[in-house]
Amino acid sequence: MRKRIGVYICHCGGNISDYVDVEELSKMFHKEDGVVVSKDVMFACADSNQKAMVEDIQKHNLDAIVVASCSPKLHLHTFRGVAGRAGLNPNNYVQVNIREQCSWPHSDRPREATVKAAGLIRAGINRVSFSEALDNIEIEVKKAAMVIGVGISGMKAAIDLARSGNEVYLVEKDYFVGGRITQREKLFTTGQSGKEIVKKLYDEIKLYKNITVFTGATIEKVTGSLGNFNIEVKVKPRYINGKIDKQTVNRAMDDLQVYVDDEFNFGLSKRKAIYKNYPDALPDVPVVDVEALKDHPDYLEKYKSVINLNEKEETIALLVGSVLVTTGFDNYEPKEGEFGYKNIPNVITLPQLNRLMELSPEKLIYNGKEIHNVAFIYCVGSRQKKGENKYCSRHCCTSTIYTALQLKEKYGKIQNFHLYRDIRTYGKQEILYEQASKQGDLFFKYEEKELPTVEMNGKGISLKVKDYLTGKKELEIAPDLVVLVTGMVARTDAPHISELFKIPIGNDKFFNEIHPKLKPVETVIKGVYIGGTCQGPKNVSEAVQSSLAGASKITALLKSGTVMGDPVVARVNADACTWCGKCAEVCDYTAIRETVNEAGKHIAGVNKGVCAGCGICAPVCPVNAIEIAKYTDNEIEAMIDGFAAKVEIKEKEASGITEEKADVVAAHMKEYPQIWKDILATIESDKKTIPEVVDMLKIAPEMVTYHLMTMNKYGVVAPAGTNEKEEYYYYKMK
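Values in this document were obtained by computation on a predicted structure and should not be read as measured data.

What counts, and where the lines are drawn
- Residues numbered from 1 in each chain as written.
- Predicted model: local features only at pLDDT ≥ 70, side-chain atom pairs only at ≥ 80, totals over all residues.
- Heavy atoms only, no water.
- Core = buried A, V, L, I, M, F, W, Y, C linked by side-chain atoms within 4.5 Å.
- Buried < 20%, exposed > 50% of the residue type's maximum accessible area, 1.4 Å probe, protein only.
- Helix = DSSP H or I, 4+ residues; strand = E, 2+ residues; numbered from the N terminus.
- Contact = heavy atoms within 4.5 Å.
- Pairing = 2+ DSSP bridges.
- Right-handed = clockwise from strand over helix to strand, strands pointing away.
- Axes fitted to C-alpha atoms, helices over the stretch in contact; angles between N-to-C directions.
- Phe/Tyr/Trp six-rings, centres within 6.5 Å; stacked < 30°, edge-to-face > 60°.
- Parallel < 35°, antiparallel > 145°, perpendicular 65-115°, else oblique.
- Left-handed = near helix turned anticlockwise from the far one by under 90°.
- Nonpolar A, V, L, I, M, F, W, Y, C, P; charged D, E, K, R; others polar.
- Salt bridge = Lys/Arg side-chain N within 4 Å of Asp/Glu carboxyl O.
- Patch = residues over 30% accessible without salt bridge, like charges linked within 9 Å, V, L, I, M, F, W, Y side chains within 5 Å.
- Areas by Shrake-Rupley, 256 points an atom, 1.4 Å probe, with all protein chains shown as cover.
- Lys, Arg positive; Asp, Glu negative; His and termini not counted.
- Charge placed at Lys NZ, Arg CZ, Asp CG, Glu CD.
- pLDDT = per-residue confidence, 0-100.
- Polar contact = N/O pair within 3.5 Å; in protein donor to acceptor, adjacent residues only side chain to side chain.

1. Quick word on the nonpolar core
By size, the foremost hydrophobic cluster in this structure holds 87 residues, and its most contacted members are Met146, Ile219, Ile231, Val233, Val323, Val325 and Phe501. It is helix α6 (residues 152-163) that provides the largest number of residues to this core, a total of seven residues. If sequence neighbours within four positions are ignored, Val325 has contacts with Ile148, Ile497, Ile503, Phe511, Tyr529, Ile530, Gly531 and Cys534. Judged by nonpolar contacts, the second largest core, of 54 residues, contains Tyr366, Ile377, Tyr402 and Leu484.

Next comes the structure, spelled out in structure tokens:
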């Protein structure tokens, strides 16, 4: 056991000490058995305090330290580094979270927050007393990376990885590379063609012999972990004989008269049953739609030298050291009837309009009629207070305004109407908004609670909107085309990728990084990174930047050929293990296999390089023969004992604040101010909102708000939900 422990309790600049009496706790734990140093510090993470901790460890010969501060997600490595610099094993350090778990959630009850903090710190001391000096595990890594999703983000990342000498596997679900960017004729703000960018990147990829591209491919199975991911990729056939020359293939395509809806163009046009997404789509090999040709045996017989129906799906096993997921996004699909979508002719989405513009070289034609007036309805499927998609999709405003500029440039006299909630053309993109205003586009502001209505009026469309720029005046527009500005949503196959790689998914259904600022492309699974729009809405440059950040992380990881793995892995007690196989059954990482030890006994063997230390194997062992390093039974049981131990803190000491604040608390305990009594009288029988209290007392709203917030802070009143419109909180007596 560790018997010379240092305890450091952080004020966090008031984030903790405003509600938790850190000074009293420091005095309390100085008397704890085994604690040699106990200090309260303003900022534990500050350089000056780190130096002081190093000096303490060396001066007092400490064999373990406990830091009570913020979440370990933020500063775990900071204090491990402190321990290492002082000559202490980094695993003889425990961080206790008393900010997110005490001061912030219990700011209205400072005494109880202090008591809870004391329990958590004592649990940390007990745990570290049983800590072991563990060494990191050296893992050999395969100097190869897989990039899943071959849009612009994936291709840029692959080139960057290959340039650094890594073997790179690019896996694309579609038969052609490029993703959504190929559906845009021009990109803001450069005006470049999406297809030209994709061709340029693809040509560059072909120059690297260490890049392999799989199209029509999906991930089927993933095993292993950091440095050695075993991934099975299923590749669908194109049913085109690869030995036949292009002229023969083109002749077969020209002779084919079987057409189906073109998914690439959102059903706005037809494509042949042997097709490419667009004429210059890459790779330059068409695909046979077998389902569409099954009723045309004569054609199949005529071109049997071109079409090879005997091709089968192929499963390829690949070994890579790291994975970058750049699977992109889906466009929001409006519900039937949403702003007339699918019920009223000439109501389409912005992605459909972009394809329609490319398919209409001279005049904008839809449903056989030329379009002269276009109305854009913004935020369709985004920023929904009561819907699924509460987020802003970032790119939509700029994309819409740029499309409106292109309409005027390409077709001349087209009048654009913009029905928006807020215009978010951030940064230099604001220039586009100014250009649209100067060219005569009209902008009308609406609110979510009063949405525009789209109805048929005879043979035309009637679009009504309450314009907040003219005092909610109801305006009626008769556009030839209504365009719903839809945002980005997570791909439908995101849950499948998430399940395979154990990547967390947020409430918005996009992949979650560890921290948006500190670790913006890392996931909780070591060696798995995310980039581009699979983690949330971004424009092209932002998506590329994040994918390149992921590529740089992978390059740094694979550079040396070995990585130091966390020693938190499963350990087996060979004497107790009887090999029932239950631990292997529940292990998602296939890290446990049956082995035979030197004595000839069949036991569970743990592959330390593969084990992620998740701990799911420990509770299923019927003989308790398996445990996780740093989470041993001794450590966990000691923590429970420490947290359950009685804590004696006097109420006056628990405030941990100034005498002036203590006087306020005392006043709260003895006699409330008159205005508090008046407010309490209004909510004595039933809960009230602030406006309701104002109406009853005839007092200035800011005065009622200030006192109610103060009463809430000291536990006199408590929130009781919101009113029906979710505009105000109700308050009730506590």
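2. Points about the pairing of strand β6 (residues 144-148)
Most of β6 is tucked away, with five of its five residues classed as buried. Residues of β6 alternate between two faces, with Ala144, Met146 and Ile148 on one and Ala145 and Val147 on the opposite face, all of them buried. Bridge count for β6 against strand β7 (residues 167-171) is five bridges, and the pairing is parallel. The residue bridging Ile148 from the neighbouring strand is Val171, located in β7. Taking the sense of rotation as the criterion, the β-α-β connection linking β6, α6 and β7 turns out right-handed. By the bridge criterion, four bridges tie β6 to strand β16 (residues 322-325) in an arrangement that is parallel. Bridge assignment links Met146 to a residue of β16, and that residue is Val323.

3. Notes on the sheet that holds strand β1 (residues 5-10)
Paired through backbone hydrogen bonds, the strands of a sheet run either parallel or antiparallel to each other. Ordered by their spatial adjacency, four strands build an open sheet running β2-β1-β3-β4, and the pairing between neighbours is parallel. One side of each edge strand has no neighbouring strand; the edge strands of this open sheet are β2 (35-41) and β4 (93-97). Each adjacent strand pair in this sheet contributes to an overall mean axis angle of 15°, direction not counted. In terms of strand pairing, β1 meets strand β3 (residues 64-69) through five bridges, oriented parallel. Note on β3: the bridge partner recorded for Ile9 is Ala68. Strands β1 and β2 of the sheet are contacted by helix α1 (residues 22-30), whose axis makes an angle of about 175° with β2. Strands β3 and β4 of the sheet are contacted by helix α3 (residues 72-85), whose axis makes an angle of about 150° with β4.

4. Some details on the packing of aromatic side chains
The tally for this structure, following the rule as stated, stands at 10 aromatic pairs. Aromatic pair Tyr299 and Tyr303: ring centres 5.0 Å apart, planes at 45°, arrangement tilted. For Tyr303, a relative accessible area of 10% puts it in the buried group. Here Tyr391 and Phe510 contribute two aromatic rings whose centre-to-centre distance is 5.7 Å and whose plane-to-plane angle is 75°, an arrangement assigned as edge-to-face. Of this pair, Tyr391 sits in the loop between β21 (373-380) and α12 (396-411) while Phe510 sits in the loop between α14 (494-501) and β29 (528-530), placing them 119 residues apart in sequence.

5. Looking at the packing of helix α21 (residues 690-697) against helix α22 (residues 701-713)
Interhelical geometry of α21 versus α22 gives an angle of 120° and a closest axis separation of 9 Å. The pairing of α21 with α22 is recorded here as oblique in orientation. Crossing of α21 against α22: the hand is right-handed. Here Ile690, Val693 and Val694 of α21 come into contact with α22, specifically with Pro701, Val704, Thr705, Leu708 and Met709. Across the contact of α21 with α22, the residue classes tally to seven nonpolar, one polar and no charged.

6. Considerations on the pattern of salt bridges
Enumeration according to the criterion identifies 39 salt bridges in this entry. Here Glu100 and Arg99 are joined by a salt bridge, their closest N and O atoms 2.8 Å apart. Overall, the relative accessible area of 29% leaves Glu100 in the partly exposed class. Taking the relative accessible area as the measure of exposure, Arg99 reaches 11% and is therefore buried. Where Arg271 meets Asp289, a salt bridge forms, and the shortest distance between an N and an O atom there is 3.2 Å. Residue Arg271 is found in strand β12 (residues 270-272), and its partner Asp289 is found in the loop between β14 (287-288) and α9 (290-293); the two are separated by 18 residues along the sequence.

7. Topic: a positive patch on the surface
Together, Lys385, Lys449, Lys472 and Lys725 make up a region of like positive charge exposed at the surface. In this fold, Lys385 is placed in the loop between β21 and α12. The class of Lys385 is exposed, set by a relative accessible area of 63%.

8. Focus on the sheet that holds strand β15 (residues 314-320)
Read across the sheet, three strands follow the order β9-β10-β15 without closing on themselves; strand pairing throughout is antiparallel. Edge positions in the open sheet fall to β9 (217-225) and β15, since each of these has one partner strand only. With direction set aside, neighbouring strand axes in the sheet form an average angle of 20°. Sheet analysis places β9 next to strand β10 (residues 228-235), joined by eight bridges and oriented antiparallel. If you follow Thr223 over to β10, its bridge partner there is Asn230. Of the strands in this sheet, β9 and β10 are in contact with α14, which crosses β9 at around 25°.

9. Description of the side chain of Ser153
Tracing the chain through its elements places Ser153 in helix α6. Beyond its immediate sequence surroundings of up to four residues, Ser153 is in contact with Thr326, Gly532, Ala543, Val544 and Ser547.

10. A few points about the confidence of the model for the protein chain
The pLDDT averaged across the protein chain works out to 92; a share of 97% of its residues lies at or above 70. Between residues 652-670, whose pLDDT stays under 50, and residues either more than four places distant or in other chains, the model counts 20 contacts.

11. Quick look at the side chain of Thr425
Assignment of secondary structure puts Thr425 in the loop between β22 (415-420) and α13 (430-438). Classification of Thr425 as buried rests on a relative accessible area of 2%. In terms of polar contacts, Thr425 uses its side chain to reach the side chain of Glu430, at 2.9 Å. Look past the residues within four positions of Thr425 in its chain and what remains in contact with it is Cys397, Thr398, Ile401, Glu430 and Tyr433.

12. Things to note about unusual backbone geometry
Between Leu282 and Pro283 the backbone carries a cis peptide bond, its omega angle lying at 0°. Locating Pro283 in the fold gives a position in the loop between β13 (274-275) and β14. For Lys502, which is not glycine, the phi dihedral falls at a positive 65°. Mapped onto the elements, Lys502 comes out in the loop between α14 and β29. Residue class for Lys502 comes out partly exposed when judged on its relative accessible area of 28%.

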